[in-house]
Amino acid sequence: PIQDLSPSEIGTLVDKKVDVNDVVAEITELARLKYIKIERIVKDKLIGEDIDYVFIKLKEDSLALKEYQTYLFESIFTNSFSEKSIPKLAKILK
């Protein structure tokens, strides 16, 4: 990170708004910081594959995170779930 700025902070400064790219960048940052693991799930279909991703909670304590990172982290893992798929996450973040 540049001067202790996270990817989403830099993205917000560049285009002066928070958008989906900034949220995705911050989820990736949480994985880099080892708060979550992003796992690819491939399911075979009759024709082709169905690809999904699941977020796995690696840490319980989010005190070292910035306030907005804590908010995102806790929003992903609501109701004490330690795993969340992208379709389920999309419903929460709408």
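Our subject in this report is the structure included herewith. (Residues numbered from 1 in each chain as written. Predicted model: local features only at pLDDT ≥ 70, side-chain atom pairs only at ≥ 80, totals over all residues. Heavy atoms only, no water.)

Another point: the layout of surface pockets. Taken as a whole, the second largest pocket encloses approximately 220 Å³ of empty space. If you trace the second largest pocket, you find 12 residues lining it, with V18, V23, E26, Y68 and L72 closest to the centre. Counting residues per element, the ones that place at least two in the lining of the second largest pocket are α1 (7-15), α2 (20-32) and α3 (67-76). Looking at the lining of the second largest pocket, the element that brings in the most residues is α3, giving 4 residues. When its residues are assigned to classes, the lining of the second largest pocket shows 6 nonpolar, 3 polar and 3 charged. (1 Å grid on protein atoms, 1.4 Å probe; cavity = no way out; pocket = protein on both sides within 12 Å on 5 of 7 lines; lining within 4 Å. Points joined across faces, edges and corners; volume = space filled by probe spheres on them. Helix = DSSP H or I, 4+ residues; strand = E, 2+ residues; numbered from the N terminus. Nonpolar A, V, L, I, M, F, W, Y, C, P; charged D, E, K, R; others polar.)

With respect to the element layout, S75 can be found in helix α3. The buried category is assigned to S75, whose relative accessible area is 12%. (Buried < 20%, exposed > 50% of the residue type's maximum accessible area, 1.4 Å probe, protein only.)

With that out of the way, let us pick up the packing of aromatic side chains. Scanning the model with the defined rule gives 2 aromatic pairs in all. Plain terms: the ring middles of Y35 and F73 are 5.7 Å apart, the flat faces sit at 80° to each other, and that makes the pair edge-to-face. Of this pair, Y35 sits in the loop between α2 and β1 (36-44) while F73 sits in helix α3, and the two are 38 residues apart along the sequence. Among the residues examined, Y35 registers a relative accessible area of 7% and is labelled buried. Overall, F73 belongs to the buried group, its relative accessible area being 2%. An angle of 65° between the planes, with centres 5.6 Å apart, marks the rings of F73 and F77 as edge-to-face. Each member of the aromatic cluster is reached from another via a ring pair, and the members are Y35, F73 and F77. Above the plane of the ring of Y35 lies K59, whose end atom (NZ or CZ) is 4.4 Å from the centre. (Phe/Tyr/Trp six-rings, centres within 6.5 Å; stacked < 30°, edge-to-face > 60°. Lys NZ or Arg CZ within 6 Å of the ring centre and 35° of its normal.)

From the geometry alone we can't say anything about function, so treat these as descriptive.
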